[in-house]
Amino acid sequence: MKIFQPSWVHHDEKSIFSIDIHPSGERFATGGQGCDSGRVVIWNMAPVLNEEAEANKNVPRILCQMDNHLACVNCVRWSGNGMMLASGGDDKLVMIWKKTVGGSGGIGAFGGSGKSVEHWRCISTLRGHAGDVLDLAWSPQDRWIASCSVDNTIIIWDAQHFPKIVHVLKGHTGLVKGVTWDPVGKFIASQSDDRSLKVWKTTDWSCFKTITEPFEECGGTTHVLRLSWSPDGQYLVSAHAMNGGGPTAQIIERDGWKCDKDFVGHRKAVTCVRFHNSILKRLAPKTNKLQQYCCLAIGARDRSLSIWLTALQRPLVVIHDLFQDSILDLSWSCDGYTLLACSGDGKIACLQFTAQELGTPLSEEDKNILYQRMYGKNANYDLTVQAEKEMIVENSDFLNVSKSNPVPPTLVPQQQRPGANKQDGTNHATTASRNVQPTHPMTIQSSSSSLSQTPTPILKQIETKTADGKRRITPMFIPLNDDNGAVVNAPNVASSIEFGSKSSGEGISNVELKQIASEEHETAAAPSVNVINVAEPAFKLDNRLKKAVTVPPQKADPMPQTEQGAGSSTLNPPAPNQKLVDRTRQSTYTTGKATVIQGNSFKAFGEVRVQVQNNSVKTSYGTLCRVVGMSVNAQRMERKIWETVVGSPVVCFAVGAKYAIICSQDHTIRVLDIKAGTPVFPVVSLTSSAIQSAFSSNSQLVGVVTESGILRIWNVSEKSVVLSTNCSEIMSGSYVTILHISDQGMPFIVLSNGSSYCYCRKLDSWMLLNSSDPIIRHGLIGNKAHAPVRNIKVYPLSTIQSYGNFSGPKTNSFAELHSASWQTPASIAFIENQIKICEMISSPTELKYWYSMLGFQLALNGSEEKIRQVLDELLGASHSIDNRMDEDDNPSVLGISKYVLMEDVLNHLKSQTKWQRIYTEYLDQLKFLKERDGRDKPLME
């Protein structure tokens, strides 16, 4: 520990009543008596801590001096963000100072003299006290500032709207000489000459607790009574108290407000107490266990200073006769190793400690974890949340809604969600309510939904016997409870997977189909066929079927062909003749190279099945691949309707409602009529082999992606190219694992690294849908409170984004998960980008959902300016506050009226009473516009 007193810090030999170190640690402020007025001085910290800087004449000592107070300044306090400085004095005023770029020495501007380096201007003068202001305290997050006075009151000022008074706390019958905030934000405490300490609630500003016992013997012998709250919120330590006739600093425990401990040893009354800003930790000397504790400094009228640790029963250090007069104020630096003290004799002292002496401060992350464990909220808790609950409701629409927790919107309506139907006697309403989680989206948490319920049992199976007598057991429905897809509870859903195929060496002939009971699980798989791990033992399937908790995918999964070819959905089952079955071996392009399909593979759409057999025909010219079209009747009997051969092994193929595309190893591509097997247009050749192929859901468009990244989309019926571009610019060493073509000809791709893109011809660029970008990760993971939806036709954006393989945050700390400083702008930026993507890809259902999500996010954490901006855009340019012409004044977006989108946003504003005036204002405008346009539909239900 080092102690030194810089003699050059003084107020012209006048008293210094207050001192405070800036949060940056680069400067500190003093307040006291000037020559003929009150004085506030901002000093450079460097010359105090560094001898070389002190000796260097080029390093300024005084940064700014302000002599605006008409009488002695009793207290100076920096705001938590360091942007403002508050000073209070005997002139009954509180002045708020803010740094400016330059000063002209005009009214309210100071720093124009030659010795001033910085320029600080008084931005607000707070008038409300009827007597001297003795102490000041900023609330956590600088939402309010409290001042106390000899007029027996404490005034709470709105720090966001100076000089607005929030409340005047009355109840003391003597001079109020000290005030401090609970770091958790629930209370504010004050100490007075009336021999009492009062604790006030911040929700309604009522007096919660009055403590008098430790102060009954005290007299008004001190100029100030600066009490302090510990950084963990557990202890409130008062100034002047008495115990057995001796002066003490009383320890008041938050738990029950017990007063059975105190700090003793000072010979005269304690004037000021200041806790270290951080919770400290170190290894206990004897046990070597990690200790967490607080540190505080105590100053008294006996001119001595003591430093205490809550982990020790005796003081860490006591310094006697540090000054010639009473110690009046104390301040710790943010790094926790520097303590400044000031005295009535006009001098200051600096004490420097080491980490070995005091310990190491807890990180903000660890501090917030501690806060969450102790209080259920973090250190960045918004103090206005509870206050808003007490707000008077002015609009009847808010009477019932404001009492319930806000519920985030859902992409899929509850009546459509799997598991929302009545099952096992479960009431529909009960199931639906269980699926809705009243939690914040953009938030990552686990949630219980119908997707975690036990899957429906296998209802029936089909046994297939080939010519050689081998048996193939095909489950009609296996509800794999996958995190990436919705659980299906019906046997006739198009996305059900059928297992089994013919042996590669067998010719194509009719097979016998026989239904068997579901108890039979014996499965025999041909070595040449690998259909989604069909060769694995049956018990592995059983284990997967029993899983009740979904597991996030570790890599991007190939998209089921049911969604690629048919555009079908687990939520909207197609007609039986539109069912697409894929029994092709799932090609795994580990290097992004085309791989020849092994064995006998087929895909079917409706009643037609296309079967590929590589290397099945041996000729003197080479080996041929056989492609056969089969018709399957209602009795599941097969009949060959056409057959053709291909001169190069097939690497991938796809089947649509009218056509099939065959991609070969020699870079050639064939498009065949699915009913006749005839070519639709001549064989085309690209520069490399195709690795992905897909039809649009209406089967009018077909596309391929090659090894080199070439992307082609053709309109089959018109025999023309729709899009010709390249993916290589976005691949960056990865390769395409999923390709989907929308009915509008817009390609969606997912890469092996998990990123996904969509090509926009209007922008002639790839739009980013999912990547490792932290904004996107935060936005997508925050919306996983509801299960991902995979319906490529209705929800293309959500479906493609669900295939990402990006993990959640690297830390599980409460600070990271609930940091309001970055989450709100990140969430809003993500949602607004989602809205723009939906507009470009023409997804009206998702557009409406993301507008609703934007309203939900703005209602919880948005600003008035942002809310007005969004609502003005939906109202239209002619009704916007911004009178500039809007080029896009279309009354609808993707066929959805902007008035409908506005209603969704307003509906979410109803969950927060603080937005009731904005809600009423814009609802009235919306009603007027709808009446003017002849729309008499009900607005809010």
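Quick caveat, the model's predicted, so the values are computed rather than measured.

Participant: I would appreciate a short explanation of the overall build of the protein in the present structure.
Facilitator: Tallying secondary structure elements over the protein gives 18 helices and 54 strands in all. Here the protein holds 941 residues, and 54% of them are scored as buried. Total accessible area on the protein stands at roughly 40,700 Å², and carbon and sulfur atoms take up 49% of it.

Participant: Would you explain the pattern of salt bridges in this entry?
Facilitator: For the coordinates displayed, the defined rule picks out 24 salt bridges. The partner of aspartate 67 in a salt bridge is arginine 39, with the nearest N and O atoms 3.2 Å apart. Of this pair, aspartate 67 sits in the loop between strand S5 (62–66) and strand S6 (73–78) while arginine 39 sits in strand S4 (residues 38–44), and the two are 28 residues apart along the sequence. Salt bridges linked by common partners bring Arg77, Asp135, Arg226 and Asp329 together as one network.

Participant: I tried to follow the nonpolar core on my own but got confused; where do I start?
Facilitator: Looking at soluble globular proteins, one finds that nonpolar side chains tend to be buried together. One finds Ile841, Trp850, Leu871, Met902, Leu906 and Leu909 to be the most contacted residues of the largest nonpolar core, which totals 55 residues. Looking at this core element by element, the count peaks at 10 residues for helix H15 (residues 844–861). Counting 38 residues, the second-largest nonpolar core is a separate cluster that includes Ile669, Met731, Val736 and Tyr759.

Participant: When you look at the packing of H15 against helix H17 (residues 898–909) in this model, what are you seeing that I'm missing?
Facilitator: For any two helices packed against each other, the geometry is given by the interaxial angle and the distance between the axes. Between H15 and H17, the shortest axis-to-axis distance is 8 Å and the interhelical angle comes to 30 degrees. Considering the angle they form, H15 stands roughly parallel to H17. For the pair H15 and H17, the crossing hand works out as right-handed. For the pair formed by H15 and H17, the contact residues are Lys848, Tyr851, Ser852, Gly855, Phe856 and Ala859 on the first element and Val900, Leu901, Asp904, Val905, His908 and Leu909 on the second.

Participant: Even after reading the chapter, I still don't get the sheet that holds strand S24 (residues 280–283), so can you show me in this structure?
Facilitator: Two modes of strand pairing occur in sheets, parallel and antiparallel, and in both the strands are linked by backbone hydrogen bonds. Pairing within the open sheet is antiparallel, and its three strands lie in the order S25-S24-S32. Strand pairing shows two members of the sheet lacking a second neighbour, strand S25 (290–293) and strand S32 (360–361), which therefore form its edges. Bridge count between S24 and S32: two bridges; the pairing is antiparallel. What sits directly across from lysine 281, in S32, is threonine 360.

Participant: What is the right way to look at helix H18 (residues 916–932) in this model?
Facilitator: Each full turn of the α-helix corresponds to 3.6 residues, which orients residues three or four apart in the same direction. Between its terminal C-alpha atoms H18 stretches 24 Å, which fits the 24 Å expected from 17 residues at 1.5 Å a residue. Those residues of H18 that fall on the buried side of the exposure criterion are Gln916, Ile918, Tyr919, Tyr922, Leu923, Leu926, Leu929 and Lys930. Mapping the buried residues of H18 onto a view down its axis gives an arc of 150 degrees, with all of them on the same face. Away from its buried face by more than 90 degrees, H18 exposes Arg917, Phe928 and Glu931.

Participant: Teacher, can you tell me more about the side chain of threonine 706 here?
Facilitator: Mapped onto the elements of the fold, threonine 706 is located in strand S46 (residues 701–706). Residue threonine 706 is classed as buried on the basis of its relative accessible area, which comes to 0%.

Participant: Can you help me understand the UniProt feature "repeat: WD" (unreviewed entry) in the protein in this one?
Facilitator: Here, the residues flagged by UniProt with the feature "repeat: WD" (unreviewed entry) are residues 66–98, 126–158 and 169–210. For residues 66–98, helix accounts for 0% and strand for 58%, while the C-alpha atoms at its two ends are 12 Å apart. Taken end to end, residues 126–158 is 0% helix and 61% strand, and its first and last C-alpha atoms sit 10 Å apart.

Participant: For this particular structure, what's the right way to read the confidence of the model for the protein?
Facilitator: Any segment with low pLDDT has predicted coordinates that should not be analysed in fine detail. For the protein, mean pLDDT is 78; residues scoring 70 or higher make up 72% of the total. For the stretch residues 416–461, pLDDT sits under 50, and the model shows 111 contacts to residues farther than four places along the chain or on other chains. A low-confidence stretch, residues 474–589 stays under pLDDT 50, and its non-local contacts, those more than four residues away or across chains, total 266 contacts.

Participant: Quick question: what am I supposed to make of the sheet that holds strand S30 (residues 338–343) here?
Facilitator: Across the sheet, which stays open at both edges, the four strands sit in the order S1-S31-S30-S29 with antiparallel pairing between neighbours. The open sheet is flanked by strand S1 (2–4) and strand S29 (327–332), the only strands paired with a single partner. Across the sheet, the mean angle separating the axes of adjacent strands is 15 degrees when strand polarity is ignored. In terms of strand pairing, S30 meets strand S31 (residues 348–352) through five bridges, oriented antiparallel. The residue of S31 that forms the bridge with leucine 339 is leucine 351.

Participant: Just checking my understanding: could you explain the packing of helix H16 (residues 864–875) against H17 for this structure?
Facilitator: H17 packs onto H16 with a crossing angle of 155 degrees between their chain directions and a minimal axis gap of 9 Å. Relative to H17, H16 is oriented roughly antiparallel. Here H16 and H17 pass one another in a crossing that is left-handed. Residues Ile867, Leu871, Glu873, Leu874 and Leu875 of H16 pack against Lys898, Leu901, Met902, Val905, Leu906 and Leu909 of H17. For the contact of H16 with H17, the per-class residue count stands at nine nonpolar, no polar and two charged.

Participant: Explain the environment of glycine 32 to me, please; I cannot follow it from the model alone.
Facilitator: Considering the arrangement of structural elements, one finds glycine 32 in strand S3 (residues 27–33). Take glycine 32: its relative accessible area is 0%, and that puts it in the buried class. Linking glycine 32 and glycine 346, residues 314 residues apart in sequence, is a C-alpha distance of 8.5 Å. Ignoring anything within four residues of it in the chain, the contact list for glycine 32 reads His11, Ser15, Ile16, Phe17, Gly38, Arg39, Cys72 and Val73.

Calculation rules
Residues numbered from 1 in each chain as written. Predicted model: local features only at pLDDT ≥ 70, side-chain atom pairs only at ≥ 80, totals over all residues. Heavy atoms only, no water. Helix = DSSP H or I, 4+ residues; strand = E, 2+ residues; numbered from the N terminus. Buried < 20%, exposed > 50% of the residue type's maximum accessible area, 1.4 Å probe, protein only. Areas by Shrake-Rupley, 256 points an atom, 1.4 Å probe, with all protein chains shown as cover. Salt bridge = Lys/Arg side-chain N within 4 Å of Asp/Glu carboxyl O. Core = buried A, V, L, I, M, F, W, Y, C linked by side-chain atoms within 4.5 Å. Axes fitted to C-alpha atoms, helices over the stretch in contact; angles between N-to-C directions. Parallel < 35°, antiparallel > 145°, perpendicular 65-115°, else oblique. Left-handed = near helix turned anticlockwise from the far one by under 90°. Contact = heavy atoms within 4.5 Å. Pairing = 2+ DSSP bridges. Expected span 1.5 Å × (residues − 1). Arc of directions from axis to C-beta. UniProt positions renumbered as here; feature names shortened; annotations may be inferred. pLDDT = per-residue confidence, 0-100. Nonpolar A, V, L, I, M, F, W, Y, C, P; charged D, E, K, R; others polar.

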